[in-house]
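A structural walkthrough
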Amino acid sequence: MKAQSAKTIEMVSSLAKAEEVIITRLTSIAWKIAYTSLWNGTDFSRTEKQKTKAAIRQFLLGTDNIEKTYEEFVQRVLLARQYIINNPGKYLPLPSEWLNENNKLGFAGTHKWFQRMQQKREAIPAFRNEWKDFGWAIWQVSGKWADRYFHQWRSYYAEKNQPMLNLYLATVANSSGWLREEATVCLFLLPK
């Protein structure tokens, strides 16, 4: 009985570690997408990056479906990017300020935009699917099968949308090495 109980505890512990690895990886990839989409080239302090990642993590953990929430986060970042592109002279505050849940002019303000896009998808199911896929494209090229998926996603975005292809390539370039290192660290956390 004690052996069975110890195995169950070990299995639960292993699942918790695996879940933590996924959450950490999703948070890091979401940050890299937001960084490249909205602040590309800006050199933020370590503290600013940590505060920003903490805010992203909090958002991702705010629901029962972390994958769907990650997908939403990425699309809301892309909506903000579109807004900045279409409104010259607009700028964003520091990432941690933009992600502050009380800042209605920041990430919180993109919620209505996202709801409108979802409503449009009810009428046009494929509306901006390339945005919906973007987070998973970066997820796949940051894993151990990066070489297999990189060209597949590059071709997909080349066919769909040139600005999204440019963002995809920039995100991959910004993530080069960084995401692989993080994925390697995550593998060490998994139980043997």
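For the structure itself, look to the data block above.
Being a predicted model, the structure only gives us computed values, none of them experimental.

What counts and what doesn't
- Residues numbered from 1 in each chain as written.
- Predicted model: local features only at pLDDT ≥ 70, side-chain atom pairs only at ≥ 80, totals over all residues.
- Heavy atoms only, no water.
- Phe/Tyr/Trp six-rings, centres within 6.5 Å; stacked < 30°, edge-to-face > 60°.
- Helix = DSSP H or I, 4+ residues; strand = E, 2+ residues; numbered from the N terminus.
- Buried < 20%, exposed > 50% of the residue type's maximum accessible area, 1.4 Å probe, protein only.
- Lys NZ or Arg CZ within 6 Å of the ring centre and 35° of its normal.
- Expected span 1.5 Å × (residues − 1).
- Arc of directions from axis to C-beta.

The next point concerns the packing of aromatic side chains. Each aromatic ring pair is characterised by the separation of its centres together with the angle its planes make. Going through the model one piece at a time under the given rule, you end up with 19 aromatic pairs. An angle of 40° between the planes, with centres 5.1 Å apart, marks the rings of F73 and F107 as tilted. On the criterion of sequence distance, the pair formed by F73 in helix α3 (residues 66-86) and F107 in the loop between α4 (95-98) and α5 (110-123) is long-range, its members being 34 residues apart. Taken as a pair, F73 and F107 share a single burial class, namely buried. Through successive ring pairs, a cluster of aromatic residues spans W31, Y35, W39, F44, F59, F73, W98 and F107. Lying across the ring of W139, R25 places its NZ or CZ 3.9 Å from the centre. Taking NZ or CZ as reference, R76 lies 3.9 Å from the ring centre of F107, over its face.

Over its 15 residues, helix α7 (residues 146-160) extends 21 Å from the first C-alpha to the last, a length consistent with the 21 Å expected when each residue adds 1.5 Å. Residues A146, Y149, W153 and Y157 constitute the buried set of α7. End-on, the buried residues of α7 take up no more than an arc of 70°, which puts them together on one face. Among the exposed residues of α7, those pointing more than 90 degrees away from its buried face are D147, R148 and E159.

Any link to function would need more than the numbers given here.
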